[in-house]
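An overview of the molecular structure
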Amino acid sequence: MNGQRSGKQPSADAPLGVFDSGLGGLTVVHALRDHCPNEDIIYLGDNARVPYGTRSPDTVIRYALTCAHELADRGVKALVVACNTVSSVALDELRAQLDLPITGVIVPGARAAVDASGGHRIGVLGTVGTITSGAYTRAVASLSGRAEVIGQAAPLLVALAEEGWMSGEVPELVVKRYLDPFFGPEDVPGMPRRADVGCVVLGCTHFPLFRELIVHQMRELGGRGIPVVDSAIQTALDVRAFLHDSGLGNSQATSGTLQLLVTDMPASFEEVAGRFLGAALGRVEQVDLGKPTAG
Ligand code: DGL
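Notes on the structure follow. (Residues numbered from 1 in each chain as written. Predicted model: local features only at pLDDT ≥ 70, side-chain atom pairs only at ≥ 80, totals over all residues. Heavy atoms only, no water.)

What follows concerns the side chain of Gln217. With respect to the helices and strands, the residue Gln217 is situated in helix H10 (residues 211-220). Under the relative-accessibility criterion, Gln217 is labelled buried at 5%. For Gln217, the contacting residues outside a window of four places in its chain are Glu172, Val175, Lys176 and Leu179. (Helix = DSSP H or I, 4+ residues; strand = E, 2+ residues; numbered from the N terminus. Buried < 20%, exposed > 50% of the residue type's maximum accessible area, 1.4 Å probe, protein only. Contact = heavy atoms within 4.5 Å.)

Once that is clear, we can look at the nonpolar core. Counting 54 residues, the largest nonpolar core has Leu32, Leu125 and Leu179 as its most contacted members. When sequence neighbours within four positions are dropped, the list of residues in contact with Leu179 reads Leu125, Val200, Ile214, Gln217, Met218 and Leu221. With 26 residues, the next largest nonpolar core counts Tyr63, Leu94, Leu100 and Ile102 among its residues. (Core = buried A, V, L, I, M, F, W, Y, C linked by side-chain atoms within 4.5 Å.)

For the rest of this paragraph, the subject is the packing of aromatic side chains. Counted according to the given criterion, the structure contains three aromatic pairs. Centre to centre, the rings of Tyr52 and Tyr63 are 5.4 Å apart; their planes meet at 50°, and the pair counts as tilted. Of the two residues, Tyr52 is situated in the loop between strand S2 (41-45) and helix H2 (57-73) and Tyr63 in helix H2; the sequence distance between them amounts to eleven residues. Residues Tyr52 and Tyr63 agree in their burial class; the two are buried. Taking the centre distance of 6.5 Å and the plane angle of 80° together, the rings of Phe182 and Phe183 count as edge-to-face. Residue Phe182 is classed as buried on the basis of its relative accessible area of 1%. Over the ring of Tyr63 we find Arg49, and its NZ or CZ is 4.0 Å from the ring centre. (Phe/Tyr/Trp six-rings, centres within 6.5 Å; stacked < 30°, edge-to-face > 60°. Lys NZ or Arg CZ within 6 Å of the ring centre and 35° of its normal.)

Looking at the ligand, there are 14 residues lining it, with Asp20, Ser21, Tyr52, Gly53 and Thr85 nearest. Take Asn84: an N or O atom from its main chain is 2.9 Å from an oxygen atom of the ligand. Contact between the ligand and Thr85: an oxygen atom at 2.6 Å from a side-chain N or O atom of the residue. A majority-of-atoms criterion places the ligand in the largest cavity. Its residues assigned to classes, the shell around the ligand shows six nonpolar, seven polar and one charged. (Near = heavy atom within 4 Å. Polar contact = N/O pair within 3.5 Å; in protein donor to acceptor, adjacent residues only side chain to side chain. 1 Å grid on protein atoms, 1.4 Å probe; cavity = no way out; pocket = protein on both sides within 12 Å on 5 of 7 lines; lining within 4 Å. Sits in = over half its atoms within 2 Å of the grid points. Nonpolar A, V, L, I, M, F, W, Y, C, P; charged D, E, K, R; others polar.)

The next subject is the packing of helix H1 (residues 26-35) against helix H11 (residues 231-246). Look at H1 against H11: their axes get within 8 Å of each other, and the N-to-C directions meet at 45°. On the basis of the axis angle, H1 is oblique to H11. Handedness of the crossing formed by H1 with H11: right-handed. Together, Thr27, Val28, Ala31, Leu32 and His35 of H1 and Ala232, Ile233, Thr235, Ala236, Leu237, Val239 and Arg240 of H11 make up the contact between the two elements. (Axes fitted to C-alpha atoms, helices over the stretch in contact; angles between N-to-C directions. Parallel < 35°, antiparallel > 145°, perpendicular 65-115°, else oblique. Left-handed = near helix turned anticlockwise from the far one by under 90°.)

The next point concerns the pattern of salt bridges. Counting across every chain of the model gives seven salt bridges. Between Glu70 and Arg74 there is a salt bridge, and its shortest N-O distance comes to 2.8 Å. Residue classification places Arg74 among the partly exposed positions, given a relative accessible area of 30%. Measuring nitrogen to oxygen at the nearest pair gives 3.9 Å for the salt bridge that ties Arg74 to Glu285. One end of the pair, Arg74, is in the loop between H2 and strand S3 (78-81); the other, Glu285, is in strand S10 (residues 285-286), with 211 residues separating them in the sequence. Take Glu285: its relative accessible area is 27%, and that puts it in the partly exposed class. Each of Glu70, Arg74 and Glu285 takes part in a single network of salt bridges with overlapping partners. (Salt bridge = Lys/Arg side-chain N within 4 Å of Asp/Glu carboxyl O.)

We now examine empty space enclosed by the protein. Gaps left between atoms show up when a probe the size of a water molecule is rolled over them. Under the criterion given, the structure shown has one cavity of 30 Å³ or more. By volume, the largest cavity is sized at about 70 Å³. As for the largest cavity, its lining consists of 13 residues, and the residues nearest its centre are Ser21, Cys83, Thr85, Thr127 and Cys204. Class assignment of the residues belonging to the lining of the largest cavity gives a composition of five nonpolar, seven polar and one charged. (Points joined across faces, edges and corners; volume = space filled by probe spheres on them.)

A large share of strand S9 (residues 258-262) lies buried, amounting to four of its five residues. Sheet topology note: the S2/S9 ladder contains five bridges and is parallel. What sits directly across from Ile42, in S9, is Gln259. Note that S9 and S10 share two bridges and pair parallel. Bridging from a neighbouring strand, Leu261 pairs with Glu285 of S10. (Pairing = 2+ DSSP bridges.)

None of this, on its own, says anything about what the molecule does.
This is the structure:
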(Lines give C-alpha, C1' and ligand atoms only; values in the text may rest on other atoms or scores of the structure.)
Protein backbone atom coordinates (compact mmCIF):
# COMPACT_ATOMS: atom_id res chain seq x y z
CA MET A 1 0.00 0.00 0.00
CA ASN A 2 1.38 3.37 -0.91
CA GLY A 3 1.25 5.46 2.27
CA GLN A 4 3.15 8.48 0.95
CA ARG A 5 0.91 11.46 1.60
CA SER A 6 1.45 15.11 2.26
CA GLY A 7 -1.69 16.01 4.21
CA LYS A 8 -2.97 15.32 7.72
CA GLN A 9 -3.13 11.80 9.16
CA PRO A 10 -6.56 10.28 8.55
CA SER A 11 -8.51 8.97 11.53
CA ALA A 12 -8.26 5.27 12.40
CA ASP A 13 -12.02 5.31 13.03
CA ALA A 14 -12.72 6.29 9.44
CA PRO A 15 -13.92 3.62 6.97
CA LEU A 16 -11.90 1.98 4.24
CA GLY A 17 -13.02 2.92 0.74
CA VAL A 18 -13.17 0.07 -1.78
CA PHE A 19 -14.23 0.43 -5.39
CA ASP A 20 -14.68 -1.58 -8.54
CA SER A 21 -16.44 -1.24 -11.86
CA GLY A 22 -19.26 -3.46 -10.59
CA LEU A 23 -19.85 -6.26 -8.19
CA GLY A 24 -16.59 -8.20 -8.71
CA GLY A 25 -14.81 -6.11 -6.09
CA LEU A 26 -17.02 -7.75 -3.49
CA THR A 27 -14.54 -10.64 -3.65
CA VAL A 28 -12.04 -8.22 -2.08
CA VAL A 29 -14.66 -6.99 0.42
CA HIS A 30 -15.26 -10.63 1.39
CA ALA A 31 -11.54 -11.10 2.11
CA LEU A 32 -11.29 -7.76 3.94
CA ARG A 33 -14.19 -8.75 6.19
CA ASP A 34 -12.38 -11.99 7.00
CA HIS A 35 -8.98 -10.46 7.63
CA CYS A 36 -9.82 -6.95 8.90
CA PRO A 37 -13.14 -7.69 10.65
CA ASN A 38 -13.28 -4.49 12.70
CA GLU A 39 -12.95 -2.18 9.73
CA ASP A 40 -15.95 -0.23 8.49
CA ILE A 41 -16.07 -0.39 4.69
CA ILE A 42 -17.72 1.77 2.06
CA TYR A 43 -17.92 -0.11 -1.23
CA LEU A 44 -18.66 1.62 -4.51
CA GLY A 45 -19.56 -0.40 -7.61
CA ASP A 46 -19.69 1.69 -10.77
CA ASN A 47 -22.13 -0.67 -12.45
CA ALA A 48 -23.57 2.08 -14.66
CA ARG A 49 -20.28 2.07 -16.58
CA VAL A 50 -19.19 -1.57 -16.28
CA PRO A 51 -17.24 -3.05 -18.00
CA TYR A 52 -14.07 -1.04 -17.62
CA GLY A 53 -12.01 -3.89 -19.05
CA THR A 54 -12.86 -3.16 -22.69
CA ARG A 55 -12.23 0.60 -22.47
CA SER A 56 -9.15 2.68 -23.19
CA PRO A 57 -6.71 3.46 -20.37
CA ASP A 58 -7.69 7.18 -20.53
CA THR A 59 -11.35 6.36 -20.00
CA VAL A 60 -10.58 3.93 -17.18
CA ILE A 61 -8.46 6.60 -15.48
CA ARG A 62 -11.26 9.14 -15.84
CA TYR A 63 -13.86 6.76 -14.38
CA ALA A 64 -11.53 5.65 -11.58
CA LEU A 65 -10.88 9.24 -10.53
CA THR A 66 -14.60 9.92 -10.11
CA CYS A 67 -15.01 6.79 -7.96
CA ALA A 68 -11.99 7.65 -5.85
CA HIS A 69 -13.12 11.24 -5.31
CA GLU A 70 -16.60 10.08 -4.29
CA LEU A 71 -15.09 7.86 -1.59
CA ALA A 72 -12.55 10.51 -0.52
CA ASP A 73 -15.42 13.00 -0.11
CA ARG A 74 -17.06 10.49 2.22
CA GLY A 75 -14.02 10.60 4.51
CA VAL A 76 -12.35 7.24 3.94
CA LYS A 77 -8.91 6.72 5.51
CA ALA A 78 -7.47 4.65 2.63
CA LEU A 79 -8.52 3.37 -0.77
CA VAL A 80 -8.49 -0.21 -1.97
CA VAL A 81 -8.79 -0.41 -5.75
CA ALA A 82 -10.61 -3.73 -6.05
CA CYS A 83 -10.43 -3.78 -9.83
CA ASN A 84 -7.58 -5.29 -11.81
CA THR A 85 -8.21 -3.07 -14.82
CA VAL A 86 -8.03 0.13 -12.77
CA SER A 87 -5.04 -1.24 -10.83
CA SER A 88 -3.32 -1.95 -14.17
CA VAL A 89 -3.63 1.51 -15.70
CA ALA A 90 -4.73 4.13 -13.15
CA LEU A 91 -2.83 3.75 -9.87
CA ASP A 92 -0.19 6.39 -10.67
CA GLU A 93 -2.83 8.98 -11.54
CA LEU A 94 -4.94 8.13 -8.49
CA ARG A 95 -1.91 8.49 -6.25
CA ALA A 96 -0.99 11.79 -7.90
CA GLN A 97 -4.45 13.25 -7.39
CA LEU A 98 -5.58 11.88 -4.03
CA ASP A 99 -4.02 12.51 -0.67
CA LEU A 100 -4.76 9.00 0.61
CA PRO A 101 -2.93 5.70 0.93
CA ILE A 102 -3.97 3.58 -2.06
CA THR A 103 -3.52 -0.10 -2.83
CA GLY A 104 -4.37 -2.01 -5.97
CA VAL A 105 -4.74 -5.75 -6.55
CA ILE A 106 -2.04 -6.49 -9.15
CA VAL A 107 1.08 -6.54 -6.97
CA PRO A 108 -0.54 -8.66 -4.23
CA GLY A 109 -1.85 -11.04 -6.93
CA ALA A 110 1.54 -11.24 -8.63
CA ARG A 111 3.22 -12.00 -5.29
CA ALA A 112 0.76 -14.83 -4.58
CA ALA A 113 1.30 -16.14 -8.13
CA VAL A 114 5.10 -16.20 -7.89
CA ASP A 115 4.79 -18.10 -4.60
CA ALA A 116 2.32 -20.60 -6.09
CA SER A 117 3.88 -21.21 -9.49
CA GLY A 118 6.86 -23.27 -8.34
CA GLY A 119 9.08 -21.56 -10.91
CA HIS A 120 6.79 -22.52 -13.83
CA ARG A 121 4.95 -20.15 -16.14
CA ILE A 122 2.10 -18.13 -14.70
CA GLY A 123 -1.22 -18.12 -16.55
CA VAL A 124 -3.26 -14.94 -16.03
CA LEU A 125 -6.94 -14.59 -16.91
CA GLY A 126 -7.98 -10.94 -17.04
CA THR A 127 -9.87 -8.30 -18.95
CA VAL A 128 -8.60 -7.05 -22.30
CA GLY A 129 -7.37 -3.90 -20.55
CA THR A 130 -5.46 -5.78 -17.87
CA ILE A 131 -3.85 -8.24 -20.27
CA THR A 132 -2.85 -5.65 -22.89
CA SER A 133 -1.46 -3.32 -20.21
CA GLY A 134 1.19 -5.92 -19.32
CA ALA A 135 0.73 -5.03 -15.64
CA TYR A 136 0.99 -8.61 -14.40
CA THR A 137 4.07 -9.23 -16.53
CA ARG A 138 5.75 -6.16 -15.03
CA ALA A 139 4.69 -6.97 -11.47
CA VAL A 140 5.88 -10.58 -11.76
CA ALA A 141 9.17 -9.46 -13.36
CA SER A 142 9.80 -7.10 -10.45
CA LEU A 143 9.37 -9.99 -8.01
CA SER A 144 11.05 -12.82 -9.88
CA GLY A 145 13.51 -12.47 -12.72
CA ARG A 146 12.66 -15.87 -14.22
CA ALA A 147 8.88 -16.30 -14.01
CA GLU A 148 7.10 -15.96 -17.35
CA VAL A 149 3.50 -14.70 -17.67
CA ILE A 150 1.02 -15.99 -20.26
CA GLY A 151 -2.02 -13.68 -20.43
CA GLN A 152 -5.48 -14.60 -21.68
CA ALA A 153 -8.23 -11.98 -21.96
CA ALA A 154 -11.58 -13.40 -20.82
CA PRO A 155 -14.15 -10.61 -21.27
CA LEU A 156 -17.24 -12.82 -21.51
CA LEU A 157 -16.79 -13.94 -17.91
CA VAL A 158 -17.38 -10.36 -16.75
CA ALA A 159 -20.73 -10.21 -18.54
CA LEU A 160 -21.77 -13.60 -17.16
CA ALA A 161 -20.84 -12.58 -13.60
CA GLU A 162 -22.74 -9.31 -13.81
CA GLU A 163 -25.77 -11.36 -14.97
CA GLY A 164 -25.33 -13.71 -12.01
CA TRP A 165 -24.89 -16.57 -14.52
CA MET A 166 -22.16 -18.59 -12.86
CA SER A 167 -23.03 -22.20 -13.62
CA GLY A 168 -24.37 -24.38 -16.41
CA GLU A 169 -23.43 -25.15 -19.97
CA VAL A 170 -22.68 -21.62 -21.20
CA PRO A 171 -20.23 -20.56 -18.43
CA GLU A 172 -18.63 -24.03 -18.64
CA LEU A 173 -17.91 -23.66 -22.35
CA VAL A 174 -16.66 -20.10 -21.94
CA VAL A 175 -14.31 -21.05 -19.08
CA LYS A 176 -13.01 -24.05 -21.04
CA ARG A 177 -12.30 -21.92 -24.09
CA TYR A 178 -10.38 -19.32 -22.09
CA LEU A 179 -8.34 -21.88 -20.15
CA ASP A 180 -7.45 -23.90 -23.21
CA PRO A 181 -4.24 -21.97 -24.15
CA PHE A 182 -2.80 -22.72 -20.71
CA PHE A 183 -3.05 -26.48 -21.12
CA GLY A 184 -2.14 -28.61 -24.04
CA PRO A 185 -3.57 -32.02 -24.82
CA GLU A 186 -2.17 -34.94 -22.88
CA ASP A 187 1.60 -34.87 -23.21
CA VAL A 188 2.73 -36.15 -26.57
CA PRO A 189 6.30 -37.48 -26.40
CA GLY A 190 8.68 -34.97 -27.94
CA MET A 191 6.03 -32.20 -28.09
CA PRO A 192 5.94 -29.34 -25.56
CA ARG A 193 2.61 -28.72 -23.91
CA ARG A 194 1.07 -25.49 -25.12
CA ALA A 195 1.88 -23.41 -22.08
CA ASP A 196 2.40 -25.73 -19.15
CA VAL A 197 1.52 -23.20 -16.47
CA GLY A 198 2.36 -23.70 -12.79
CA CYS A 199 -0.61 -21.68 -11.57
CA VAL A 200 -3.56 -19.74 -12.95
CA VAL A 201 -4.23 -16.24 -11.64
CA LEU A 202 -7.78 -14.94 -11.52
CA GLY A 203 -6.62 -11.50 -12.67
CA CYS A 204 -10.06 -9.94 -12.63
CA THR A 205 -12.17 -9.37 -9.56
CA HIS A 206 -15.16 -11.09 -11.16
CA PHE A 207 -13.39 -14.36 -11.82
CA PRO A 208 -13.31 -15.83 -8.29
CA LEU A 209 -17.07 -16.18 -8.77
CA PHE A 210 -16.21 -18.94 -11.26
CA ARG A 211 -13.54 -20.58 -9.12
CA GLU A 212 -15.24 -23.99 -8.84
CA LEU A 213 -15.96 -24.09 -12.54
CA ILE A 214 -12.39 -23.06 -13.35
CA VAL A 215 -10.91 -25.76 -11.10
CA HIS A 216 -13.24 -28.32 -12.68
CA GLN A 217 -12.37 -27.32 -16.24
CA MET A 218 -8.66 -27.24 -15.43
CA ARG A 219 -8.97 -30.85 -14.31
CA GLU A 220 -10.69 -31.72 -17.59
CA LEU A 221 -7.84 -30.06 -19.50
CA GLY A 222 -5.16 -31.98 -17.63
CA GLY A 223 -4.38 -29.30 -15.06
CA ARG A 224 -5.40 -31.26 -11.96
CA GLY A 225 -3.89 -29.83 -8.76
CA ILE A 226 -2.50 -26.68 -10.37
CA PRO A 227 -3.13 -23.81 -7.92
CA VAL A 228 -5.66 -21.12 -8.74
CA VAL A 229 -4.59 -17.76 -7.30
CA ASP A 230 -6.84 -14.84 -6.60
CA SER A 231 -5.50 -11.56 -5.38
CA ALA A 232 -8.32 -10.83 -2.93
CA ILE A 233 -6.85 -12.61 0.08
CA GLN A 234 -3.31 -11.32 -0.49
CA THR A 235 -4.70 -7.80 -0.95
CA ALA A 236 -6.62 -8.05 2.34
CA LEU A 237 -3.48 -9.28 4.12
CA ASP A 238 -1.49 -6.35 2.69
CA VAL A 239 -4.19 -3.90 3.85
CA ARG A 240 -4.18 -5.44 7.32
CA ALA A 241 -0.38 -5.12 7.55
CA PHE A 242 -0.52 -1.53 6.35
CA LEU A 243 -3.23 -0.56 8.85
CA HIS A 244 -1.27 -2.16 11.65
CA ASP A 245 2.07 -0.57 10.69
CA SER A 246 0.58 2.89 10.14
CA GLY A 247 -1.52 2.88 13.32
CA LEU A 248 -4.64 3.27 11.18
CA GLY A 249 -6.39 0.04 12.26
CA ASN A 250 -9.87 0.53 13.71
CA SER A 251 -9.81 -0.53 17.37
CA GLN A 252 -13.58 -0.88 17.80
CA ALA A 253 -14.56 -4.13 19.49
CA THR A 254 -17.54 -4.77 17.23
CA SER A 255 -17.60 -6.03 13.65
CA GLY A 256 -17.20 -3.35 11.04
CA THR A 257 -20.13 -2.08 9.00
CA LEU A 258 -20.51 -2.36 5.23
CA GLN A 259 -22.10 0.43 3.24
CA LEU A 260 -22.83 -0.38 -0.41
CA LEU A 261 -23.05 2.27 -3.12
CA VAL A 262 -23.72 1.71 -6.81
CA THR A 263 -24.19 3.97 -9.79
CA ASP A 264 -27.15 2.02 -11.26
CA MET A 265 -29.78 -0.60 -10.48
CA PRO A 266 -29.38 -1.00 -6.71
CA ALA A 267 -32.07 -3.70 -6.46
CA SER A 268 -30.40 -6.16 -8.84
CA PHE A 269 -26.98 -5.42 -7.32
CA GLU A 270 -28.42 -6.15 -3.88
CA GLU A 271 -29.73 -9.51 -5.03
CA VAL A 272 -26.48 -10.74 -6.60
CA ALA A 273 -24.28 -9.18 -3.88
CA GLY A 274 -26.37 -10.78 -1.14
CA ARG A 275 -25.98 -14.18 -2.78
CA PHE A 276 -22.26 -13.65 -3.16
CA LEU A 277 -21.38 -12.21 0.24
CA GLY A 278 -23.63 -14.76 1.88
CA ALA A 279 -24.88 -12.22 4.38
CA ALA A 280 -27.87 -9.99 4.72
CA LEU A 281 -26.90 -6.63 3.27
CA GLY A 282 -28.18 -3.24 4.20
CA ARG A 283 -29.96 -1.22 1.57
CA VAL A 284 -27.82 -0.52 -1.48
CA GLU A 285 -27.73 3.19 -2.22
CA GLN A 286 -27.52 4.71 -5.70
CA VAL A 287 -25.08 7.61 -6.19
CA ASP A 288 -24.45 9.99 -9.06
CA LEU A 289 -20.75 10.34 -9.76
CA GLY A 290 -21.16 13.50 -11.72
CA LYS A 291 -21.86 14.73 -15.13
CA PRO A 292 -18.71 15.32 -17.17
CA THR A 293 -17.43 11.75 -16.80
CA ALA A 294 -19.98 9.77 -18.81
CA GLY A 295 -18.33 8.23 -21.76
N1 DGL B 1 -13.39 -5.25 -12.22
C2 DGL B 1 -12.77 -5.53 -13.49
C3 DGL B 1 -11.40 -6.10 -13.27
O4 DGL B 1 -11.08 -6.60 -12.22
C5 DGL B 1 -13.59 -6.48 -14.31
C6 DGL B 1 -14.89 -5.92 -14.81
C7 DGL B 1 -14.76 -4.86 -15.87
O8 DGL B 1 -14.33 -5.13 -16.98
O9 DGL B 1 -15.11 -3.74 -15.53
O10 DGL B 1 -10.59 -6.03 -14.16
